[in-house]
Every structure is written in C-alpha cells, then in structure tokens.
Amino acid sequence: MRVKAASQAAHNRRRSLITLLASAALLAACTTATPGATSVPATPVTAPVTAAVAASPTSPTNPAQATGTATNEIAPTFGPLVGSNVTAPPAALPSATLPSATPPPASATPQPVTPIPASATPTPLPPTAIPTLAGLATPSGPTATFGSVIGPNYTPPPSLTPWPATELPAGTLPPIVTPGPSLTPGPTLRADLMGIQMHGFLTDAEFSAMLDQAEMLGVKWIKVQIDWALHEPAPGVFSEEYEAKVLNVQRASIRGFKTLLSFAKAPDWARPEAVRGQEDGPPADPQDLANFVARFVRDTKPEFIDAVEVWNEPNLISEWRGQPLSGAVYMAYFRAAYDAIQAEQRAQPSALRPGHRIVVITGGPAPAITSSDGSTTDDRVWIGQLYDGGLAGYGPDVAIGAHPYGWANPPGALCCSAAPGVTGWFEHPSFYFRETLNAYRQTMLQKGDSARKIWVTEFGWASYDGLVRSDGASGVPGMGLGWQALINQQQQAQYVLEAFRLAQQPPYYDYLGPMILWNLNFAMVPDLIDNGRSEAGFSLLDGAGNRRPVFNALVQAPKTLPTP
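Because the structure is a prediction, the values reported are computed rather than measured.

**Student:** Which residues make up the overall build of the chain, and what values do they have?
**Tutor:** For the chain, the helix and strand inventory stands at 13 helices and 10 strands. The buried share among the 564 residues of the chain stands at 58%. A separation threshold of at least 6 residues defines the contact pool for the chain, and within that pool the share at least 24 residues apart is 80%. As displayed, the chain offers around 20,500 Å² of accessible surface, 59% of which is attributable to carbon and sulfur atoms.

Structure representation (structure tokens):
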C-alpha cells in the first residue's frame, strides 16, 4: 500500500531541498564532541507511521524452524539462520532439539566478558569449492519489500546545482581514511562508531521525525536499505520512491549524519527468468546491479554517501535466489558495484568534502550453517569464499560486512553454556555475537588480511516484552521466534549497551569499524506486532512510537567524537 504524504509537503519539496542544501556547510559541526545526554521520558513520536506493511527487511529468524509453517504470521525469510533439515553440528557440539521458550527470571544476569586468548599462528584455510545451482531449496513465494513511499501529488526534485570545481585533479580519488581506534579507549562511547537502521516506508515529515529520534540517541550513522525492485520497476524507469529516497539520503547527510546504504533486491526484469517472482535475489548480469548503483550514487551525489553495503545476507536463498550461495560467486557482483562507485566518485569530486571517499562493504551474511536443502550457507565458510573471489586484493576502502546477532545470549558470552533463563538457541557458535566476530577475524588472519576492517552493519537483541497488539493484548512472537521471549526489555537495553562497549575495547576496537543497531522503528509498521514478526522485537520504538528502555539507555550513555 502507498503512504499519502501531506500535499503541502509535496509542493514544498523543491523549496525545502534548496534550504537543506544551503545548510550543507553545517556538516563540519559533526566533528565536535557530543556532550553526555540526559534521560528522555517515553513519549510518542509526533508523526506516527500510517503506512501499511508491504514488506520485510532483515532480522534474525528461528534457526530451528526456518521452514516451519506459521499459523499467525508471514514466515520470515531473512536474518541469522541455521535452517530446518540442517547439516548436523560437529561432534564436539551435539545437536539438540530446542525446548519451548519460557520467559527468563527478572534477575537473569549476563555472563562476564572474558578476554580472548591470543591465537597461535593460523593455519591457512583450503580453497572452498563454488557450488552449483543443483539442489537449491524450492521457493517459498515472493518476499515483500519496504521503501520510501510518498503521495500521489509528488513533484520530482529539480536537478541539483553542481558544486564548484575542486582542486582535486580530475579522475583521481583522495586517499581513504577509515574509522579506527583512538589511543585511549574508555567507558565513554565513540558516537562516530555507532549507528541505527530505520525503515524508509515513511512520508517526508515522518522521515524527518525519525531523524529527530536518531539525533536524541546520539549516534552518528544512519543506515537505510535501497530496494532496487521498488526503485527501478522497469529498465531505466525510476519510481517516485526512488526520488524520495535520493532526497532522504541527502537530508540525513545535511543533518550531520553519516549515511550507509544497503543495495539489495533486484527487480524481476533483471533476474534469471526461472526465478522471477520467487523471493529475492541478484540480477542475472552483475553489470545491471552496477548500473543501478551508479545511477543512485550519481543522483544523490557521492558527498552525501559515506558507505555502501553491496547486498544483504547473500548466504540465504531467500535473498540470493537464482545464483549459487557462494562468496566467490558474490564477489563478481561486488566487483561490478565497487567499480561503479569509484567511477562516480571520480566523475563528481566534492568541493564540500574534498577528502571524502565512500567505503564499500561486502554484504553482511546471516549467521547460519550450511543446510541440506540448499537454503543457507555457513557464514564462516562464506566469508572464506570472499577471499577465493579476490577480496584480499582490495585496499582499505573495502570492509567486510557482518551481522553478528546473539539471539538471547549476552554479548560477552561464548558458546555453549546457557545464561540464566535461556532455554534454547545457545547450542551452536552461530548463536553468539562474539563467536561470529571471532570467527571472521580468524579467517582474515589466516588469509593474511589483518589490516582490513569489519563493519557490523546489523546487530541487536530482540524482546517482545512490553509490545502491545492493536487489540490491546500483549504482543507474542510468532512461530519459531521463541527466543524473542527469553529476555525482557531491561536485558535488551543492557545487552545492546554491552555490545557497543565490548566492540570499543581491545581486541575488537582494533579491527571493527562502525556498528549499526537493528532497528529504530519497525514496530511502528502496522500489523508487524499483531503478526508476531521478528522485526518488531528489535525495534527501539514500540507500535505507538513510545521509546523503549533500550532507546533511553542509549540516550543516557555518555558519548564523544574524536578530535579531528
């Protein structure tokens, strides 16, 4: 369904764009220190979402029942998976039937963070075989999508006035400067290494209201997904949603946020004919992806984009149907998109930000194991396959994307002992935030690529505690999502803060880039709580737009920005 924007806002779009661009010089203000924030009472957002659900972005699904038949929900097709009919874990980690979820006691406490011992000299990993399409999982049906939605009276924005020519020689790019640790990490969090993902299924006013909420959080990164199918429904034909997303990315940048864009979901016209209409997947030709990415970067202008994640969780058949679930195969798509981004940056050097470079991130895989039905590939294996496809040959403007979800396990926990109140989803390393990061780092070391950064482009903990259905009843996670009932709202807040703090201490501080929390506002999308959808449990705002404890905890956490 379409969201109707206020007609006045639509008619004022051109004037507001000029006003926004006039304030672009305020970007420099984002380098000043952010003072400690104070508690913000829970109050509704003034611009509630009126959109109806058309879609599902990314978040964890139940690893034990990935293909189960739900009675009251749309079966999730995204996020960390171990799948049904999975390959059994190694002998040292015997598989077990996960018991029914039960709420944890209020006094449940996380396991303490323990140092990771220094590893011995790594043993090189053998090359991984590239699979074929034979034996892939059968489709479960089309997957809906989110995207920026505007009213029927939308007027396309005018062409932006080019910035003055810069002193940078034509056709060259400035050296890449990647976020890194300061010399003295401490309890105060670095806001420039923290971000939040929001859905863009919003009117202009609602998008601005969500930026207000993000400003209160004190984070410096905004992530949005660029839904290719929604934005280019036919070759060379760009929707009103496309124009709205261009303006929203610019708006976020001008407000002082760094922007991370995740490109995913090829339109049917670009996909292999045999899989059109089936879930989501890449185009048949990587150049089609490159062309779309180039067009979006060109229209938005490179100085308003700080990072690009090329695809979302491409180790899942629900996101990569039509091509083998292989990191080596994926790298052909990454290479095409990367080259397109570099070309656009060379063609439009920035006078506003003369040293600016876009960081390009490999698509964060979902924590998973390789399933026997072909629906998932082990994310640890998939990361190794990136190197088979040439990842090590890229410079510091390329980072490895990661989605290290922790289910109900505390961020400092390691496999495989259950924390108090956790009755399942603890028996395998893929269920743990630290285990995923440790595994990726070990692969990097084994491949001789220790200088590269890992960017956590999605993470979070979900709790249905406090969520209310439209009929006034308490929200209940859907079939297969019992892990979302294992922690309460206070634990959710505690775990998110612990994860940010853990990531900003050695050894993680030395190789992690920014971390993007999933998510700000998905519980506000109508019907998600009613249907027990997983996205709602992660949301920092509840269905009415009230701030949950995790939101207030982030507001109150002291933050700073490094001195330039």
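Having seen the structure, we can now continue with the description.
**Student:** Account for the side chain of R441, naming residues and giving values.
**Tutor:** By secondary structure assignment, the location of R441 is in helix α10 (residues 433–446). The side chain of R441 sits in the buried core without any salt bridge; D510 is the nearest counter-charge, 7.2 Å away. Not counting chain neighbours up to four residues away, the residues in contact with R441 comprise S450, R452, I454 and Y511.

**Student:** Can you tell me about the state of the cysteines, naming the residues and giving the values?
**Tutor:** Under the definition given, this model contains 1 disulfide. In this model, C415 is linked to C416 through a disulfide, with the two sulfur atoms separated by 1.3 Å. On the sign convention where negative means left-handed, the S-S torsion of about 65 degrees between C415 and C416 marks this disulfide as right-handed.

**Student:** Provide a residue-level description of the packing of aromatic side chains, including the pertinent values.
**Tutor:** With the rule as written, the count across this model stands at 27 aromatic pairs. With centroids separated by 5.4 Å and ring planes inclined at 70 degrees, the aromatic side chains of Y405 and F538 adopt a geometry described as edge-to-face. One end of the pair, Y405, is in the loop between β7 (398–402) and α10; the other, F538, is in helix α12 (residues 534–538), with 133 residues separating them in the sequence. With respect to class, Y405 is no different from F538; both count as buried. With centroids separated by 6.3 Å and ring planes inclined at 80 degrees, the aromatic side chains of F459 and W461 adopt a geometry described as edge-to-face. Through a chain of ring-to-ring contacts, three or more aromatic side chains come together here, namely W311, W320, Y330, Y333, F334, Y338, W382 and Y394.

**Student:** Pulling in residues and values, what's your account of α10?
**Tutor:** Over its 14 residues, α10 runs 21 Å from end to end, which matches the ideal 20 Å to within 8%, given 1.5 Å per residue. Where burial is concerned, most of α10 is hidden: 11 out of the 14 residues are buried. Among the residues of α10, those classed as buried are F433, R434, E435, T436, L437, N438, Y440, R441, T443, M444 and Q446. Those residues of α10 hidden inside the fold are in contact with α9 (379–388), β7, β8 (454–459), α11 (489–503) and β9 (512–518). Count one or two residues on from α10 and you reach G448, which has phi positive near 70 degrees.

**Student:** Account for the pattern of salt bridges, with residues named and values stated.
**Tutor:** Counted according to the given criterion, the structure contains 16 salt bridges. Between D299 and R295 there is a salt bridge, and its shortest N-O distance comes to 2.7 Å. Of this pair, D299 and R295 both sit in helix α6 (residues 286–300), separated by 4 residues, roughly a single helical turn. Note on D299: relative accessible area 26%, which makes it partly exposed. What emerges from the salt-bridge pattern is a single network uniting D212, E215 and R255.

**Student:** Report on the sheet that holds strand β4 (residues 258–264), specifying residues and quantitative values.
**Tutor:** Backbone-to-backbone hydrogen bonds pair the strands of a sheet. The strands run either parallel or antiparallel. Spatial strand order, β2-β3-β4-β5-β6-β7-β8-β9: 8 strands in a closed barrel with parallel pairing. Neighbour-to-neighbour, the strand axes of the sheet open up by a mean angle of 25 degrees, direction not taken into account. As paired elements, β7 and β8 share 3 bridges and run parallel to each other. Across the sheet, I400 pairs through a bridge with I454, a residue of β8. In the packing of α10 onto the sheet, the strands contacted are β7, β8 and β9, and the crossing angle to β8 comes to about 155 degrees.

**Student:** Tell me about the pairing of β8, and please be specific about residues and values.
**Tutor:** On any regular strand, side chains alternate: one points to one face of the sheet, the next to the other face. Along β8, 6 of the 6 residues are buried, which leaves the element largely enclosed by surrounding structure. Between the parallel pair β8 and β9, the chain is carried across by α11, and the sense of this crossover is right-handed.

**Student:** Describe in detail the pairing of β7, supporting the description with residues and values.
**Tutor:** For β7, the tally of buried residues reaches 5 of 5 residues, placing the bulk of the element in the interior. Sheet analysis places strand β6 (residues 359–362) next to β7, joined by 2 bridges and oriented parallel. Residue V360 lies in a different strand from β7, and its bridge partner there is V398. A crossover connection joins β6 to the parallel β7 through α9; in handedness this β-α-β unit is right-handed. After leaving β7, the chain enters α10 and then returns to the sheet as β8, a path that is right-handed.

Rules used throughout
- Numbering of residues starts from 1 in each chain and follows the order in which that chain's sequence is written.
- The predicted nature of this model means local features are confined to residues of pLDDT at least 70 and side-chain atom pairs, given and counted, to a pLDDT of 80 or more, with totals for whole chains, interfaces and linings taken over all residues.
- Side-chain metrics in this entry use all non-hydrogen atoms of the structure; hydrogen atoms and water are not considered.
- Only DSSP runs of H or I covering at least 4 residues are called helices, and only runs of E covering at least 2 are called strands; the numbering of each starts at the N terminus.
- Working definition: with a 1.4 Å probe on protein chains only, accessible area under 20% of the residue-type maximum means buried, over 50% means exposed, and in between means partly exposed.
- We call two residues in contact whenever any of their non-hydrogen atoms come within 4.5 Å of each other.
- Accessibility throughout is a Shrake-Rupley quantity obtained with a 1.4 Å probe, and a residue counts as covered only by protein chains that appear here.
- This count recognises Lys and Arg as positive and Asp and Glu as negative, with His and chain-terminal groups excluded.
- For salt bridges, the criterion is a side-chain nitrogen of Lys or Arg within 4 Å of an Asp or Glu carboxyl oxygen.
- Here, a disulfide means two cysteine sulfur atoms that sit within 2.5 Å of each other.
- Pairing of aromatic side chains requires ring centres within 6.5 Å, counting the rings of Phe and Tyr and the six-membered ring of Trp. Pairs whose planes differ by under 30 degrees are stacked, by over 60 edge-to-face, and all others tilted.
- Here the expected length of a helix is defined as 1.5 Å per residue gap, with one fewer gap than residues.
- Note on pairing: DSSP must find at least two bridges between two strands before they are called paired.
- A fitted line through C-alpha atoms represents every axis, and for helices the fit uses only the stretch in contact; the resulting angles, taken between N-to-C directions, go from 0 to 180 degrees.
- By convention, a crossover is right-handed whenever its connection, traced from the first strand over the helix to the second and viewed with the strands pointing away, goes clockwise.

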